[in-house]
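# Chain and residue survey
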Amino acid sequence: MNVRPRVGFHFRWAHLWALLVALFVAAPLYWMAVSSLKPLEEVGANPPTAWPETLTFENYRQAFTDNNFGRYLLNSAAVSLLATGLVLALSAFAGYALARLPLRGKSPIMVALLMISLFPTIALAAPLFLLMREVGWLNSYQGLILVYTALNIPFAIWILRNFFLQIPKEMEEVAWVDGASPVRTVLRVILPQALPGMFTAAIFTFTACWTEFLIGLTLNTADDYRTMPVGVALFGSTFTVPYGTIFAAATVSVLPIALLVLVFRRAVVSGLTSGAVKG
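Residues numbered from 1 in each chain as written. Predicted model: local features only at pLDDT ≥ 70, side-chain atom pairs only at ≥ 80, totals over all residues. Heavy atoms only, no water.

## A short note on the overall build of the protein
Our working rule: Numbering of helices and strands runs from the N terminus; a helix is a DSSP stretch of H or I covering at least four residues, while a strand is a stretch of E covering at least two. Burial classes follow relative accessibility: with a 1.4 Å probe on protein chains only, a residue under 20% of its type's maximum area counts as buried, one over 50% as exposed, and anything between as partly exposed. Any two residues whose heavy atoms approach within 4.5 Å are treated as being in contact. Per-residue and other accessible areas were derived by the Shrake-Rupley procedure at a 1.4 Å probe size, with only the shown protein chains allowed to occlude residues.
Helices and strands together make up the secondary structure of the protein, namely 14 helices and 0 strands. Secondary structure elements in the protein, listed N-terminal to C-terminal, are α-α-α-α-α-α-α-α-α-α-α-α-α-α. C-alpha atoms of the protein, sized along the principal axes, occupy 75 × 70 × 30 Å. Put simply, the protein has 279 residues, and 38% of those count as buried. In the protein, the proportion of contacts linking residues at least 24 apart, taken out of those at least 6 apart, comes to 73%. Counting only carbon and sulfur atoms, one obtains 71% of the accessible surface of the protein, whose full area is about 16500 Å².

Below, the structure written as structure tokens:
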């Protein structure tokens, strides 16, 4: 008799908690965007203002014209997109092999991949610097692309391997009966069915490359090759910190990730839930 009221009570509380979590997450983003529209004297005002009393876009102008922020954005976009493409191309075949082919030592391989993906980046900074110096790839795009690809492949393999396990084997068998080669089967049959998982791996990889700081700071010290996080961290000087300009640059840098998540949110959720069913 009391089932419906009890269910409705829990339903309302679930919505309330979801709203509180959303507000908790959105509050810093709102403050960042609003502060980017304030003049410098209002950014540090006490008490703070929830909306700019004097609306200005001067911080955005300074970020792009005085601090070379446009160049940093282009560098990050080029490195992140190319690294994401390489990660998907390599991890797709590796994930398929671990999901379908009768390989020995699959469990140790998966454990090793998990350990590699959790390895602290700071421990790799010095060895990578020495390696790139030896091959002459400091202050270059290919050095960052290669390193970002290597760092993100293990996690992408995990995502895609778990997703490939959900695809019925009968689809491959039909392709083989029709005379398709293994590579053609993967490209024409498996990958189209695994698009949600590919989108998930792509967005996670792109986000990791887009926001990576330590390796970018270590390998690329020339201003023309700096990525967006490194460039923003170096705004200002010893005695001044342009908070408004930093907020403006941070707001612009968040937009690509937000757009990707909004556009492909259904594919990302589908990829995550499908990959979590069976491992």
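## Details of helix α9 (residues 182–193)
Rules: Expected helix span is taken as 1.5 Å per residue step, with the number of steps being one fewer than the number of residues.
For α9, with 12 residues, the first-to-last C-alpha span of 16 Å sits near the 16 Å given by 1.5 Å per residue. Within α9, burial applies to Thr185, Val186, Val189, Ile190 and Leu191. On its buried face, α9 is in contact with α4 (69–100), α7 (141–164), α8 (169–177) and α10 (195–211).

## Let's talk about the pattern of salt bridges
The condition that has to hold: Whenever Lys or Arg places a side-chain nitrogen within 4 Å of a carboxyl oxygen from Asp or Glu, that contact is recorded as a salt bridge.
For the structure on display, the rule yields 4 salt bridges. The salt bridge involving Arg61 is made with Asp66; its shortest N-O contact spans 3.5 Å. You can call Asp66 partly exposed: its relative accessible area is 49%. A salt bridge links Asp223 to Arg226, with the shortest nitrogen-to-oxygen separation between them at 3.1 Å.

## Topic: the UniProt feature "transmembrane region" (unreviewed entry) in the protein
Which entries qualify depends on this criterion: UniProt positions are given in the numbering used here, feature names are shortened, and annotations may be inferred rather than shown by experiment.
Look at the UniProt record and you will see "transmembrane region" (unreviewed entry) annotated at residues 12–33, 77–99, 111–132, 144–164, 194–219 and 239–264. Here residues 144–164 runs as 100% helix and 0% strand, with 29 Å between its end C-alpha atoms.

## A look at the packing of aromatic side chains
Cut-off, in case you're wondering: What counts as a ring pair is set by centres within 6.5 Å for rings of Phe, Tyr and Trp (its six-membered ring), and what kind of pair is set by the plane angle: stacked under 30 degrees, edge-to-face over 60, tilted for all other angles. Over a ring means this: the NZ of a Lys or the CZ of an Arg is within 6 Å of the ring centre and within 35 degrees of the ring normal.
By the definition in use, this model includes 7 aromatic pairs. A centroid spacing of 5.7 Å and a plane angle of 75 degrees characterise the contact between Phe155 and Phe204, whose relative ring orientation is edge-to-face. Linking Phe155 in helix α7 with Phe204 in helix α10, this pair joins segments that are 49 residues apart in sequence. Grouping aromatic residues by their ring pairs yields a cluster made of Phe64, Phe69 and Phe235. When the ring centre of Trp31 is taken as reference, the NZ or CZ atom of Lys38 above it lies at 4.4 Å.

## Thoughts on the UniProt feature "domain: ABC transmembrane type-1" (unreviewed entry) in the protein
In this structure's numbering, the residues bearing the UniProt feature "domain: ABC transmembrane type-1" (unreviewed entry) are residues 73–264. Regarding residues 73–264, the helix share stands at 78% and the strand share at 0%, and the terminal C-alpha atoms are separated by 22 Å.

## Focus: the packing of helix α6 (residues 122–135) against α7
Test applied: Axis definition: a line fitted to C-alpha atoms, over the contacting stretch in the case of helices. Angles run 0 to 180 degrees between N-to-C directions. In what follows, roughly perpendicular refers to angles from 65 to 115 degrees, roughly parallel to angles under 35, roughly antiparallel to angles over 145, and oblique to any angle outside these ranges. Should the near helix be turned anticlockwise from the far one by less than a right angle, the crossing is termed left-handed; should it be turned clockwise, right-handed. We call Asp, Glu, Lys and Arg charged. Ala, Val, Leu, Ile, Met, Phe, Trp, Tyr, Cys and Pro are nonpolar, and the rest, Gly among them, are polar.
At a minimum axis separation of 12 Å, α6 and α7 run at an interaxial angle of 140 degrees. If you check the angle between α6 and α7, you find them oblique. For the pair α6 and α7, the sense of crossing is right-handed. Each of Leu124, Leu128 and Met132 in α6 lies in contact with α7, whose residues at this interface are Gly143, Leu146, Val147 and Leu151. Split by residue class, the contact of α6 with α7 holds 6 nonpolar, 1 polar and no charged.

## Details of unusual backbone geometry
Generally, phi is negative for residues other than glycine and the peptide bonds are trans, each holding for most cases. Residue Pro47 is bonded to the preceding Asn46 through a cis peptide linkage, with omega at 5 degrees. The phi torsion at Asn68 lies on the positive side, around 60 degrees, for a residue other than glycine. Here Asn68 lies in the loop between α3 (58–66) and α4. Residue Asn68 is classed as partly exposed on the basis of its relative accessible area, which comes to 28%. In this structure, Asn139 takes a positive phi of about 55 degrees despite not being glycine.

## Let's talk about the nonpolar core
The test is simple: Joining through side-chain atoms within 4.5 Å is the link that ties buried Ala, Val, Leu, Ile, Met, Phe, Trp, Tyr and Cys residues into a set, and such a set is a nonpolar core.
In this structure, Leu160, Phe164, Ile190, Leu191, Met198 and Ala201 are the most contacted members of the largest nonpolar core, which totals 26 residues. Among the elements of the structure, α4, α5 (106–117), α7, α9 and α10 are those that each provide at least two residues to this core. For this core, the element with the most residues is α7, which contributes 7 residues. The contacts of Ala201, once residues within four sequence positions are left out, are Leu88, Ala156, Ile159 and Leu160.

## Thoughts on the packing of α5 against α7
One can describe the packing of α5 onto α7 by two numbers: an axis separation of 8 Å at closest approach and a directional angle of 135 degrees. On the basis of their axis angle, the class for α5 and α7 is oblique. In this structure, the crossing between α5 and α7 has a hand that is left-handed. Only Pro154, Phe155, Ile157, Trp158 and Arg161 of α7 make contact with α5, whose side of the interface consists of Met110, Leu113, Leu114, Ile116 and Ser117. Looking at the contact of α5 with α7 residue by residue, the classes come out as 8 nonpolar, 1 polar and 1 charged.

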